[in-house]
Every structure is written in C-alpha cells, then in structure tokens.
Amino acid sequence: MGPGPSDVHPRVLRAMSTPLVGHLDPSFIEIMNDVQELMRYVFRTDNQWTIPVSGTGSASMETAIGNLVEPGETVLVPSNGYFGGRMASMAERAGGTVVRVDAPWGEPLDSADVQAAFDEHQPDVFGFVHAETSTGVRQPNVPELTRIAHAHDAYVVADCVTSLGGVELEVDDWDIDVAYAGPQKCLSCPPGASPLTLSDRAMDKVLSREHPTRSWYFDLSLLEGYWGDERSYHHTAPISNVYAIREALRLVAEEGIENRWGRHLRVAGALKAGVEAMGLGLNPTDDCWLPSLNAVVAPDGIDADDAIDYVLEHYDLEIASGLGALAGDIFRIGCMGYSARPENVALLVAALGEALEAQGADVDVAAGFDAMRGVLGDG
C-alpha cells in the first residue's frame, strides 16, 4: 500500500503466464486492438492515437514530452512536486526552454498563477500533474487550465500516472492534448506497457516536426507504423505485459469506470477518516485530496522511516515516506486498484497506529478503527 506498484489482480497474473506468440501474429494483433479500445474507455477519449508504450510510466512520459516538444520551444511545468521536476528534466533533454509556474509542495496549481505564467512566457507546451504521487495532491481545476493553455495556442500534457483508472479523468471533456500513465498504480498491472493517448491535434504536431525526436525507440512517427493501421515491425513488443494490461483493462471495464472511481473514493475515504480520527492529518486540503495516494502527516517527534520499517517487519505491509521537500514529513499510503479493498485499509490503520504507539505517539487507534468502519459500513 505504498505509492506503487499496487497489488496485482490474480487474473492479471494468470494472463501473464499465457504462452508467447509473435508480436505480429494475427492473434496478437487482435489483442492489440482490444488494448487500444479498452484504453480509450479508461482514458475517456475517442483518440485514435492511444497505445501502450513499451516500458514503465516514465517511458510513456518521455514519449509524450520527447515527441511533442521541439528544440527551442518554451515549456511550462509545475514546481509543486517531484514529477513536475521530472517533466522539466525531460523537456530540457528534448531541447525545450523550461519555465515554471510555482506552487508549494502539497498544493495544486492556481489558475491565476497559470494565467500569469502564460501571459509572461507564452509557452508552446504546458505540462501539469493531475495526481502528484509525491504529495498526494489532485489538480482540481483541469478544464480551467486547459482553457488558458488553448487560448494561447499551447498544447497540454497531463501526467495521469496515479489517477488513470482510480480517480475521475476525462481526457476529451477536459480538452487534454496528451495524457500518459503507468499501469502499476490504479490499474494494478505490472509495469512494462504504459498508457499514452494523443489527440489528432497533438499527433499532427508530432508528425510535422522540423527535427526528428531524439529517441528512435520512442519516436511516435515510427511507432504509428506498428500501433496504427499498418501493424508493421518497429520493435519487439513486451508480449506478456500486453497480455497483462489487456486483462487489467478488462477488469476496469467489467467493474465500470465510474463504479471504479466510486470504489476508490469510498475505500480511500475510510482510510482518510481512520487516520484523521486517530489524530493524524493529511498533507493536502480536502478540495485537492488524492484518494489513490494519501499523504498522511507524521506526528511531531516521530521518525517516519522507523514507523515504515515497523509496519513492514511486523505486518508485511509496505508504505513509503515523502520525497523531496516532504521527505520524512509524511507517509505516502496508496489505495489503488486491487489494493483498494476494505481489509487492506483495516490492516493499515491497525499497523500504522501500532507503529506510532511504539514510538510514544499520542494516537487513538480505537477511534481511528471506528471511524474507518463507519465509512465502510457493512461492506
């Protein structure tokens, strides 16, 4: 129950044991078609250019930024979390000039600040993190941000690594040009084939670049030959990972994407109620709380790393500490995909409470457990 990977559903594990076929075998092409259609469903998009990138979530991130950003273009990125910094690094490697819109770690971007940054810098590309894994913050006003960007004729890239399949996300309705994610979070799939979607407008920009992208492997103008209508060879796809993500996406479709959002909200809401009743706070405010990644503030005088070690040693349960500016100050507790189950939350509340009591923290574990059960009810 850390920031990822989450538990993998048994059906996904079984799918990975399916015997291999060739990556151009007719039966595998049918699987590719399934993956693309299911991925469109989960992203809530009709984008033709919706594919799993061969690699982890950072691979889909680099594919998005490396293809959309051309040398000399100005790229606006956020400063309010670890993965905004990774966006900046990738944009610089792509030859972009990076400017930042500032917000404290643990807070979302303010629309007025984004507007001011656009007026000052006139960026060509704007990247934001929908679900910041390092801080537990969900960006709440996405349509306002995309409206500002498109009024300046900029392209919008959304990091949805910790939101896809667990938190409301509407790529088409929110007018997002490019969105990428990782499979190992709310999709509960092993890393290796990572979701990416581009609008026709964004893909037109990619295909009309003056300079080829600096990566051959992640060059979408080449990958379109494999994932587009031709189904021609580019590289050997990670066959077992494609099996896995198809099964993970099928599980989402069977549950229903809106039902799945609701489950994450309910189960993570029980976790939130439990730790708050115990006497702990969450780093973000309620209006930007991220159900899939809960940033619980460590009590004063407590060594967060010792508590994390205690939970792992005594309960075989993994949670994580903060990153960057929040290192040592928070516990990052994932409630994602197959891990977002009542029994896991109950174990977490008990284990974390015991770990904190072992260090002398003033926490009310019984109150936390009662509050958690109150949210979950008989379910």
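Described in the following lines is the structure provided in the data block.

Reading the values: the criteria
- The numbering scheme is per chain: residues are counted from 1 as the chain's sequence reads.
- In keeping with the predicted nature of the model, local features appear solely for residues at pLDDT of at least 70, side-chain atom pairs appear and are counted solely at 80 or more, and the whole-chain, interface and lining totals rest on all residues.
- Side-chain calculation: all heavy atoms of the structure are included, whereas hydrogens and water are not.
- What is meant by a nonpolar core is a set of buried Ala, Val, Leu, Ile, Met, Phe, Trp, Tyr and Cys residues, joined one to another through side-chain atoms within 4.5 Å.
- When a residue's accessible area, from a 1.4 Å probe over protein chains only, is under 20% of the maximum for its type it is buried; when over 50% it is exposed; and in between it is partly exposed.
- Put simply, DSSP marks the helices as runs of H or I at least four residues long and the strands as runs of E at least two long, and each gets a number from the N terminus on.
- One bridge is not enough; two strands pair if DSSP finds at least two bridges between them.
- The axes are straight lines fitted to the C-alpha atoms, using for helices just the contacting stretch, and the angles between their N-to-C directions are given from 0 to 180°.
- In what follows, roughly perpendicular refers to angles from 65 to 115 degrees, roughly parallel to angles under 35, roughly antiparallel to angles over 145, and oblique to any angle outside these ranges.
- The contact definition used throughout considers only heavy atoms, calling two residues in contact when any of these lie within 4.5 Å.
- To be clear, the arc concerns the directions from the helix axis to the C-beta atoms.
- Nitrogen and oxygen atoms within 3.5 Å of one another constitute a polar contact, given that in protein one can donate a hydrogen and the other can accept it, and given that sequence-neighbouring residues count only through two side-chain atoms.
- Salt bridges are identified by distance alone: a Lys or Arg side-chain nitrogen within 4 Å of an Asp or Glu carboxyl oxygen.
- The crossing is said to be left-handed when, going from far helix to near helix, the turn is anticlockwise and less than a right angle, and right-handed when the turn is clockwise.
- Gly falls in the polar group here, along with every residue not listed as nonpolar (Ala, Val, Leu, Ile, Met, Phe, Trp, Tyr, Cys, Pro) or charged (Asp, Glu, Lys, Arg).
- Only centres within 6.5 Å qualify two rings of Phe, Tyr or Trp (six-membered ring in Trp) as a pair; their planes then separate them into stacked at under 30 degrees, edge-to-face at over 60, and tilted for everything else.

This part covers the nonpolar core. Considering soluble globular proteins, one finds that nonpolar side chains tend to be buried as a cluster. Among the nonpolar cores identified, the biggest contains 82 residues, and F28, F126, I176, L196 and L198 are the most heavily contacted of them. A per-element tally of this core places helix α9 (residues 239-255) first, with 9 residues. Formed by 37 residues, the second largest nonpolar core is a distinct cluster that contains V267, W289, A340 and M372.

Spatially, the 3 strands line up as an open sheet ordered β10-β12-β11, and their pairing is antiparallel. Looking at which strands have only one partner, the edges of the open sheet turn out to be β10 (293-297) and β11 (320-321). Judged from the 5 bridges that link them, β10 and strand β12 (residues 330-334) form a sheet pairing that is antiparallel. Bridging across to β12, V296 finds its partner in F331.

Here we take up the packing of helix α7 (residues 200-207) against helix α8 (residues 220-227). It is at 9 Å that the axes of α7 and α8 come closest, and there the two elements cross at 120°. Judged by the angle between their axes, α7 and α8 are oblique. For the pair formed by α7 and α8, the contact residues are M203, V206 and L207 on the first element and L220, S221 and E224 on the second.

What follows deals with helix α5 (residues 111-121). For α5, the complete set of buried residues consists of S111, V114, A117 and F118. With its buried residues spanning 120° around the axis, α5 presents them on a single face. Exposed positions of α5 whose direction lies more than 90 degrees from the buried face are A112 and E120. On the buried face of α5, the contacting elements are β2 (74-78), β3 (97-101), β4 (125-129) and α6 (142-151). If you check the start of α5, you find a side-chain oxygen 2.8 Å away from the backbone N of A112, and it comes from D110. Looking at the residues trailing α5, positive phi occurs at Q122, about 50°.

To continue, consider the sheet that holds β3. Spatially, β1-β9-β8-β7-β4-β2-β3 is the arrangement adopted by the 7 strands of the open sheet, whose pairing is mixed. Since the sheet does not close on itself, it has two edges, and those belong to β1 (49-55) and β3, each with one partner. Shown here is a sheet whose adjacent strand axes are inclined to one another by a mean of 20°, direction ignored. With 2 bridges connecting them, β2 and β4 associate as parallel partners.

As a further point, take the pattern of salt bridges. Tallying each qualifying case throughout the model produces 16 salt bridges. With a shortest N-O distance of 2.9 Å, R11 and E254 are connected by a salt bridge. Residue R11 is located in helix α1 (residues 10-16), and its partner E254 is located in helix α9; the two are separated by 243 residues in the primary sequence. Residue class for R11 comes out partly exposed when judged on its relative accessible area of 22%. Judged by its relative accessible area of 52%, E254 falls in the exposed class. Between R341 and E343 there is a salt bridge, with its nearest N and O atoms 3.4 Å apart.

Another point: unusual backbone geometry. The omega torsion across G4 and P5 is 5°, close enough to zero to call that bond cis. Secondary-structure assignment places P5 in the segment before α1. With phi around 55°, R231 is a residue other than glycine that occupies positive phi space. With respect to the element layout, R231 can be found in the loop between α8 and α9.

You can see T162 is positioned in the loop between β7 (155-159) and β8 (178-180). Other than its neighbours up to four places away in sequence, T162 contacts A131, T133, K185, C186, L290, S292, L293 and M336.

So, on to the packing of helix α12 (residues 342-358) against helix α13 (residues 365-376). Look at α12 against α13: their axes get within 10 Å of each other, and the N-to-C directions meet at 165°. When the axis of α12 is compared with that of α13, the two are roughly antiparallel. Viewed along their axes, α12 and α13 form a crossing whose handedness is right-handed. Taken together, the residues of α13 that come into contact with α12 (itself represented by P342, V345, A346, V349, A350, G353, E354 and E357) are V365, G368, F369, M372 and L376. Residues belonging to the contact of α12 with α13 are distributed by class as follows: 9 nonpolar, 2 polar and 2 charged.

Two faces, one strand: in a regular strand the side chains alternate between the faces of the sheet. β7 sits mainly inside the fold: 5 of its 5 residues count as buried. Because side chains alternate across β7, one face comprises the buried residues Y155, V157 and D159, and the other comprises V156 and A158, equally buried. Of the pairings in the sheet, the one linking β4 to β7 comprises 5 bridges and is parallel in character. If you follow G127 over to β7, its bridge partner there is V157. Both β7 and β8 contribute to a ladder of 3 bridges, which runs parallel. By the bridge assignment, A158 is partnered in β8 with A179.

Bringing the packing of aromatic side chains into the picture now. The geometry of an aromatic ring pair is captured by two quantities: the separation of the ring centres and the angle between the planes. Using the criterion set out here, one finds 6 aromatic pairs in the structure. Plain terms: the ring middles of F118 and F126 are 5.7 Å apart, the flat faces sit at 75° to each other, and that makes the pair edge-to-face. Residue class for F126 comes out buried when judged on its relative accessible area of 0%. Centre to centre, the rings of Y226 and W227 are 5.5 Å apart; their planes meet at 75°, and the pair counts as edge-to-face.

Honestly, it's all geometry; don't read function into it.
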